[in-house]
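Structural characterization, general
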Amino acid sequence: MRLRRQYLDVLRDRALDADVRTLLDTGWRWLGTALAPRSGRSLVGPALGTLLVTYRCDLRCAVCDLPARAAARRRAGDRELDTDEMKAVLRDMKAIGTAGVGVTGGEPMLRRDVLELLAYGAQLGMHMHLNTDGFQVVEHADAIRKTGVRSVNVSLDGPTAAVHDAARRKAGSFDTVLGALDALRTARGARRTPQITAVTVLTASNVGQAGEVVRVARGAGADRVGVIPVHDFGHGATAPEPEAVARGLADLKALHAEGWIDNSTAYLDLLPRAFRGEPSPLKCYAPWASVVVDCYGDVYPCFPLMEKKEPVGRIPLARFWRSKAYAEARARLASCQACLWNCHTELNLALPQRGGRKGSARVPAGGGAA
């Protein structure tokens with residue numbers, strides 16, 4: 001299968017609700033994104049919007065520096081966008097034609113207005129998605145469902161408390177995640193949504209246990225499990241042994257055949273390459289297919305550029321999306337092959353590749369992924 005299951009969910013939902021206009025719009029979105037790099041301008045809105053509502057977090061994970069970034073921004077006198085400003089970003093995402101918006105962080109549940117923002121995006125007609133570490137989910141599971149959110153990702157980085165809690169650097173976080181998955185499943189009941197996915201960052205510590213993570217998540221109530229290989233981003237991540245990667249990949253492929261894995265098989269096939277530090281073989285459409293706005297109003301074409309602290313502009317988004325400055329940023333990024341970040345890579349796999357890309361990784365001057 002060459003398409004991520006979460007993206008198939010979006011297509012299914014659009015088909016079930018579809019009139020002729022919606023079906024035509026879906027086809028034009030795919031074609032417009034495919035043609036955009038050659039045309040030199042954005043022809044359709046992004047398929048994937050990300051609203052990073054806070055860098056604050058209740059965890060201090062080994063592979064993430066966002067909480068430290070939040071503290072640095074506070075010391076510098078910066079403030080997060082308030083509720084009205086966040087809603088303005090969501091309206092701009094709707095205005096430029098964004099199909100779906102992932103609300104993430106940091107830990108988005110630390111914002112008191114996060115449920116209001118999810119509901120507002122759903123009211124605008126966008127496919128809303130929530131990423132969370134699981135804290136504060138149990139007490140808010142039913143309220144999360146009532147926002148109209150279509151899918152929820154909960155982070156689960158190991159099959160045992162020893163592995164997960166070490167990765168997340170907080171005792172008890174493993175039990176919290178299992179409780180969150182169960183609470184979301186209970187709140188959903190017999191309904192179709194939200195779809196519940198456990199997401200695992202694969203590292204040297206857990207890649208060989210990937211199959212066990214899936215089995216634990218399944219038992220706790222997840223519909224499926226998605227994986228992403230750790231990206232260094234300056235944190236000094238240790239590469240796993242090839243034998244552990246091969247063992248984890250074999251388990252994931254077997255479980256994919258049973259319907260338990262969110263990732264496409266085409267993406268799973270790229271995992272060994274990612275752990276070897278090799279460049280992506282794919283043409284990247286992220287500058288046209290996605291947009292990220294953070295809690296301070298900075299705009300990024302992709303999540304890896306956010307990790308590298310390299311914004312290409314500022315809100316208001318609708319005006320900037322169509323600007324000359326954004327077009328110049330897309331031109332600089334057109335040849336980037338430097339990451340295999342899951343959401344962007346899965347979109348790339350769904351778009352024309354003409355046999356893929358060859359050569360070494362190259363981050364264009366003025367910005368690129370890592």
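Further up the page is the structure itself.
This report concerns the structure included in the present document.

How each quantity is defined
Residues numbered from 1 in each chain as written. Predicted model: local features only at pLDDT ≥ 70, side-chain atom pairs only at ≥ 80, totals over all residues. Heavy atoms only, no water. Helix = DSSP H or I, 4+ residues; strand = E, 2+ residues; numbered from the N terminus. Rg over C-alpha atoms; globule rule 2.2 N^0.38 Å. Buried < 20%, exposed > 50% of the residue type's maximum accessible area, 1.4 Å probe, protein only. Contact = heavy atoms within 4.5 Å. Areas by Shrake-Rupley, 256 points an atom, 1.4 Å probe, with all protein chains shown as cover. Lys, Arg positive; Asp, Glu negative; His and termini not counted. Charge placed at Lys NZ, Arg CZ, Asp CG, Glu CD. Pairing = 2+ DSSP bridges. Salt bridge = Lys/Arg side-chain N within 4 Å of Asp/Glu carboxyl O.

Okay, the overall build of the protein chain next. On a plain count of helices and strands, the protein chain comes out with 17 helices and 9 strands. Computed over the C-alpha atoms, the radius of gyration of the protein chain is 19 Å, within 12% of the 21 Å expected from 2.2 N^0.38 for a compact globule of 370 residues. Expressed as a percentage of its 370 residues, the buried residues of the protein chain come to 56%. Of the contacts formed within the protein chain by residues at least 6 apart in sequence, a portion of 75% connects residues at least 24 apart. With an accessible surface of roughly 15,200 Å², the protein chain has 53% of that area assigned to carbon and sulfur atoms. Side chains of the protein chain give 51 positive and 39 negative charges; the mean places of these two sets differ by 6 Å.

Judged by how many residues are buried, strand 2 (residues 100-104) sits mostly within the fold: 5 of 5 residues are covered. Burial of the side chains of strand 2 extends over both faces: Gly100, Gly102 and Thr104 are buried on one face and Val101 and Val103 on the other. Bridge analysis of strand 1 (residues 48-52) against strand 2 gives 5 bridges, and the strand direction is parallel. Each bridged residue has a counterpart across the sheet, and for Leu48 the counterpart in strand 2 is Gly100. Alignment of strand 2 against strand 3 (residues 127-132), held across 4 bridges, turns out to be parallel. Bridging from a neighbouring strand, Gly102 pairs with His129 of strand 3.

Another aspect to go through is the pattern of salt bridges. Within this structure, the stated rule accounts for 21 salt bridges. Close ionic contact of Asp223 with Arg188 constitutes a salt bridge, the shortest N to O distance being 2.7 Å. Here Asp223 is found in the loop between helix 9 (210-220) and strand 6 (224-229), whereas its partner Arg188 is found in helix 8 (residues 173-188), with 35 residues between them in sequence. You can call Asp223 buried: its relative accessible area is 15%. Owing to a relative accessible area of 5%, Arg188 belongs among the buried residues under this scheme. Between Lys253 and Asp269 there is a salt bridge, with the nearest N and O atoms lying 2.4 Å from each other. Linking Lys253 in helix 10 (residues 242-257) with Asp269 in the loop between helix 11 (265-268) and helix 12 (271-275), this pair joins segments that are 16 residues apart in sequence. Residue classification places Lys253 among the partly exposed positions, given a relative accessible area of 36%. Of the residues examined, Asp269 reaches a relative accessible area of 45% and is grouped as partly exposed. Because the salt bridges share partners, they merge into one network encompassing Arg56, Glu80, Arg111 and Asp113.

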